[in-house]
Amino acid sequence: MEKTYRAEDNGSDSDLKKKMIEQIVSPLLAEEMIDAILLPRRSSGGGITFSLFQEDDLQGALFVSPVQPVNAASLVSDLTFKEPGDRVAALLRPCEVRALIELEKLQQVDLDHLFIISIDCLGTCEPELFREMAAEEDDLLERYDKALREGDMGEFPLRDACRFCQIGRASRYDINISLIGSAEDELLLTAGSEAGRDFLEELDLKESALPGESQELLDSIAAEREEMWEEELAEFGSRIEDIPGLIEVLDLCRTCHNCRSACPVCYCRECVFETLTFEHEGRKYIEWAERKGSIKMPSDTLLFHITRLNHMGLSCIACGQCESACPVDIPLLKIFKHIGERAQDYFSYLPGRDVEEPMPLTTYEEDEDFDLS
Amino acid sequence: MEDFEPKIVAFLCNWCSYAGADLAGTSRIEYPPNTRNIRVMCSSSVDPIYILKALLDGADGVLIGGCHPGDCHYVSGNYKARRRIALLRNIIGNLGIEGERVRFKFISASEGNKFAETVADMVEDLRELGPNELKTNWEV
């Protein structure tokens, strides 16, 4: 059973970060429950990046961050895939937790070595846009914090993935920072695991109910965004319902594979598209050109994207990092969300829901009926 | 469409379907010469990339043959292949490539006839479907 606790108010200037450091992170580190903590951090250039903190001063760290520099599930994989330390903590958004659950199924993270502090999220801005905005506006971070608590992101230019995202709260965590629907500077922590509950209990925090509007806000935002996505699909879906349409949408693709390296669930440690398989002999291209009269160069663009859809479409958690990483603004999120969700529906699979839910391609039933004729 | 001869790339598993195709040959069963057979160790070793490469390069159809349920040399490869092909057909179907162009069949080593029939049926269906239009698209 989940329990929510309220962090103490120690004086008037104790904002969320201060409370997190004093009441959560310091004890976690002091009691050696964790070796280090991964958090977003303001960088020297004015942007936001991630940082792994070992000491509890957490200089420049952000708990409420308007930017997702990369999907942090990839970083958790770096931290736990090979010879992990005892335990690290990471502050994760819902889409990062969902990516993590997919990676756990692929044995590319080790959740036993992770303490998940998740945080409610209603969307992020593109990193470069945030940097521009932050240069103009001093209290941008405060305004973002407020918008999140009130559940009204209207004034923030959210990434496409976030505009359509209907999952504002993670489903698996040790502790969740339940921000949506909370009052200014209030820090509500929900324990989602035994480790999380034991930890919060020991801190002697007061138990507190989640405000009723918290779930209401989450639900109404989800409904609103679902409707928006349906509307978007009505237009966009028809644009890619055949290959010539898809070719038009992928028009500017330069085959840089940024989308692949940014994707947290593109699981191959070595991508086939980066191997010798795709280092063709020069005369091969000429043969292909002979056959068709002419071919597009660089070649295999379409093959790359449709193969990726086949490889990770079922695990696509629609975080949109592919689109953010694209240098020529291809609407990759829409392509992958649209085609991916249809495939997920086909197998009644929801990526990132539960580590116990097997990936459709790793399991089978002897007697099952697919139309393959 | 009379003179359209569909080209089919067939991935046949070493233990069952390839032997089935072999049997069709040694038994002198007549079937259309439209397949280009590729022997693979297991139907589940056929990554979608092979199928897509064939289709995008202009093959009119792709046939994947595996062992019957319960017969897989590697226990469960055929079941996994079945799901993989189902996923591929769903994805390409939503992108406007006719799913019928990719077929998955259980063909055992003793089923020379079934192999011949499968190819004949597929050729006929592909004739009706017409040539794969991607064959002539330079941007594919």
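Details of the structure are given in the entry above.
Quick summary incoming for the structure in this document.

Reading guide: rules and limits
- Residues numbered from 1 in each chain as written.
- Chains lettered and ligands numbered in written order.
- Predicted model: local features only at pLDDT ≥ 70, side-chain atom pairs only at ≥ 80, totals over all residues.
- Heavy atoms only, no water.
- Contact = heavy atoms within 4.5 Å.
- Buried area = accessible area lost by both parts, 1.4 Å probe.
- Salt bridge = Lys/Arg side-chain N within 4 Å of Asp/Glu carboxyl O.
- Polar contact = N/O pair within 3.5 Å; in protein donor to acceptor, adjacent residues only side chain to side chain.
- Helix = DSSP H or I, 4+ residues; strand = E, 2+ residues; numbered from the N terminus.
- Pairing = 2+ DSSP bridges.
- Phe/Tyr/Trp six-rings, centres within 6.5 Å; stacked < 30°, edge-to-face > 60°.
- Buried < 20%, exposed > 50% of the residue type's maximum accessible area, 1.4 Å probe, protein only.
- Lys NZ or Arg CZ within 6 Å of the ring centre and 35° of its normal.
- Axes fitted to C-alpha atoms, helices over the stretch in contact; angles between N-to-C directions.
- Arc of directions from axis to C-beta.

Regarding the interface of chain A and chain B
Quoted interface sizes are often the accessible area lost when the parts come together.
Here's step 1: Contact with chain A, which involves 43 residues of that partner, is made by 35 residues of chain B.
Here's step 2: With both chains or domains summed, chain A and chain B bury close to 3800 Å², and 63% of this area falls on carbon and sulfur atoms.
Here's step 3: Three residues, Lys292, Asn310 and Leu372 of chain A, lead the burial of chain A against chain B; their summed loss comes to 20% of the area buried on that side.
Here's step 4: Across the chain A-chain B interface, the total number found is three salt bridges.
Here's step 5: As a salt-bridge pair, Arg83 of chain B and Glu368 of chain A come within 2.9 Å of each other at their nearest N and O atoms.
Here's step 6: At the junction of chain A with chain B, the criterion picks out 16 residue pairs in polar contact (both at pLDDT 80 or more).
Here's step 7: Put simply, the parts of the chain that give the side of chain A that touches chain B at least two residues each are helix 9 (243-249), helix 11 (282-292), helix 12 (301-312) and helix 14 (332-346) of chain A.
Here's step 8: At seven residues, helix 12 of chain A tops the list of elements feeding residues into the side of chain A that touches chain B.

Considerations on the pairing of strand 3 (residues 48-53) of chain A
All names here are of chain A.
Here's step 1: Note that strand 2 (residues 36-42) and strand 3 share six bridges and pair antiparallel. Bridged to Pro40 within strand 3 is Phe50.
Here's step 2: Connecting strand 2 to the next strand, strand 3, in antiparallel fashion are five residues, including Gly46 with a positive phi near 95°.

Side note on the packing of aromatic side chains
Here's step 1: Counting across every chain of the model gives 14 aromatic pairs over all chains.
Here's step 2: Summarising the aromatic geometry, the rings of Phe347 of chain A and Phe370 of chain A are spaced 5.7 Å apart at their centres and angled 55° between planes, so their arrangement reads as tilted. Residue Phe347 of chain A is located in the segment after helix 14, and its partner Phe370 of chain A is located in the segment after helix 14; the two are separated by 23 residues in the primary sequence.
Here's step 3: Of the residues examined, Phe347 of chain A reaches a relative accessible area of 12% and is grouped as buried.
Here's step 4: Residue class for Phe370 of chain A comes out buried when judged on its relative accessible area of 16%.
Here's step 5: Pairing Tyr31 of chain B with Phe115 of chain B gives two aromatic rings, centres 5.3 Å apart and planes at 85°, and the pair type is edge-to-face. Residue Tyr31 of chain B is found in the loop between helix 1 (17-26) and strand 2 (35-40), and its partner Phe115 of chain B is found in helix 4 (residues 112-129); the two are separated by 84 residues along the sequence.
Here's step 6: Arg269 of chain A extends its terminal NZ or CZ atom over the ring of Phe81 of chain A, reaching a point 3.9 Å from the ring centre.
Here's step 7: A cation over an aromatic ring shows up here: Arg39 of chain B above the ring of Tyr18 of chain B, its NZ or CZ 5.4 Å from the ring centre.

Focus: the sheet that holds strand 8 (residues 206-207) of chain A
All names here are of chain A.
Here's step 1: Strand order in the open sheet formed by eight strands is 3-2-4-5-6-7-1-8, and the pairing between neighbours is mixed. Each having just a single partner strand, strand 3 and strand 8 make up the two edges of the open sheet.
Here's step 2: Relative to strand 7 (residues 188-191), strand 1 (residues 3-6) runs antiparallel, the two sharing four bridges. Bridged to Arg6 within strand 7 is Leu188.
Here's step 3: In the packing of helix 2 (residues 72-80) onto the sheet, the strands contacted are strand 2, strand 3, strand 4 (88-92) and strand 5 (114-119), and the crossing angle to strand 4 comes to about 175°.

Notes on helix 2 of chain A
Residues and elements named next belong to chain A.
Here's step 1: Along helix 2, the positions that sit buried rather than exposed are Ala72, Ala73, Val76, Ser77 and Thr80. Taken down its axis, helix 2 places every buried residue within 155° of arc, on the same side.
Here's step 2: Buried residues along helix 2 sit in contact with strand 2, strand 3, strand 4, helix 3 (94-105) and strand 5.
Here's step 3: N-capping of helix 2 is provided by Asn71, with a side-chain oxygen placed 2.9 Å from the backbone N of Ala73.

Some details on the side chain of Thr35 of chain B
Residues and elements named next belong to chain B.
Here's step 1: By secondary structure assignment, the location of Thr35 is in strand 2.
Here's step 2: Within the structure, Thr35 has its side chain in polar contact with the side chain of Asn37 (distance 2.9 Å).
Here's step 3: Aside from chain neighbours lying at most four places away, what touches Thr35 is Ile8, Ala10 and Val119.

Geometric values such as these leave the question of function open.
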